[in-house]
Amino acid sequence: MTSAATESLIEYPSLFPIKVMGVKAEGLVHAITLIARQFDPTFDAATVELRESKGGKYLGVTITVTATSREQLDELYRTLSTHPMVKVVL
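Residues numbered from 1 in each chain as written. Predicted model: local features only at pLDDT ≥ 70, side-chain atom pairs only at ≥ 80, totals over all residues. Heavy atoms only, no water.

(A) Molecular detail of the overall build of the protein chain. From N to C terminus, the protein chain includes two helices and four strands. In sequence order, the secondary structure elements of the protein chain are arranged as β-α-β-β-α-β. Its C-alpha atoms put the protein chain at 50 × 25 × 20 Å along the principal axes. Going through the 90 residues of the protein chain one by one, you find that 30% of them count as buried. The long-range fraction of contacts in the protein chain, counting pairs at least 24 apart against all pairs at least 6 apart in sequence, stands at 71%. Of the roughly 6000 Å² of accessible surface on the protein chain, 57% is carried by carbon and sulfur atoms. Placing the 9 positive and 10 negative side-chain charges of the protein chain at their respective mean positions leaves the two points 12 Å apart. (Helix = DSSP H or I, 4+ residues; strand = E, 2+ residues; numbered from the N terminus. Buried < 20%, exposed > 50% of the residue type's maximum accessible area, 1.4 Å probe, protein only. Contact = heavy atoms within 4.5 Å. Areas by Shrake-Rupley, 256 points an atom, 1.4 Å probe, with all protein chains shown as cover. Lys, Arg positive; Asp, Glu negative; His and termini not counted. Charge placed at Lys NZ, Arg CZ, Asp CG, Glu CD.)

See below:
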């Protein structure tokens, strides 16, 4: 019997969207795509979606990676979250 805590709701591998918010600045999108490629060598930067905040100060960047494991996603979230240009990862 497996506990609910160890079961995953995600089937691997699967395409997994991640939204990253940061201050709109030169290099933000490039930094995020480099990190995505570290964790998913097949990552296609052409799939990146951008959305500017109403005031124009922040930029929402949605990346879609091929998730291969819970550990990969956890480490990707950790790496994105600790980047100095990133404010929030969802």
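(B) Examining helix α2 (residues 70-81) more closely. Look at α2: 16 Å from first C-alpha to last across 12 residues, which is about the 16 Å you get at 1.5 Å a residue. Residues Gln72, Leu73, Leu76 and Leu80 constitute the buried set of α2. Taken end-on, α2 shows its buried residues confined to a sector of 95 degrees, consistent with a single buried face. Structurally, α2 contributes buried residues whose contacts are with β1 (14-23), α1 (28-39), β3 (58-67) and β4 (86-89). (Expected span 1.5 Å × (residues − 1). Arc of directions from axis to C-beta.)

(C) Quick look at the sheet that holds β1. Taken in spatial order, the four strands make up an open sheet running β2-β3-β1-β4, and their pairing is antiparallel. Two strands in the sheet have a free side with no partner beyond their single neighbour: β2 (49-52) and β4. Across the sheet, the axes of successive neighbouring strands diverge by a mean angle of 25 degrees, strand direction being ignored. Pairing of β2 with β3 involves four bridges; the strand directions are antiparallel. Bridge pairing in β3 places Glu49 opposite Thr62. Across the sheet, α1 touches β1, β2 and β3, and the angle it forms with β3 is around 15 degrees. Contacting β1, β3 and β4, α2 crosses the sheet at an angle of about 10 degrees to β1. (Pairing = 2+ DSSP bridges. Axes fitted to C-alpha atoms, helices over the stretch in contact; angles between N-to-C directions.)

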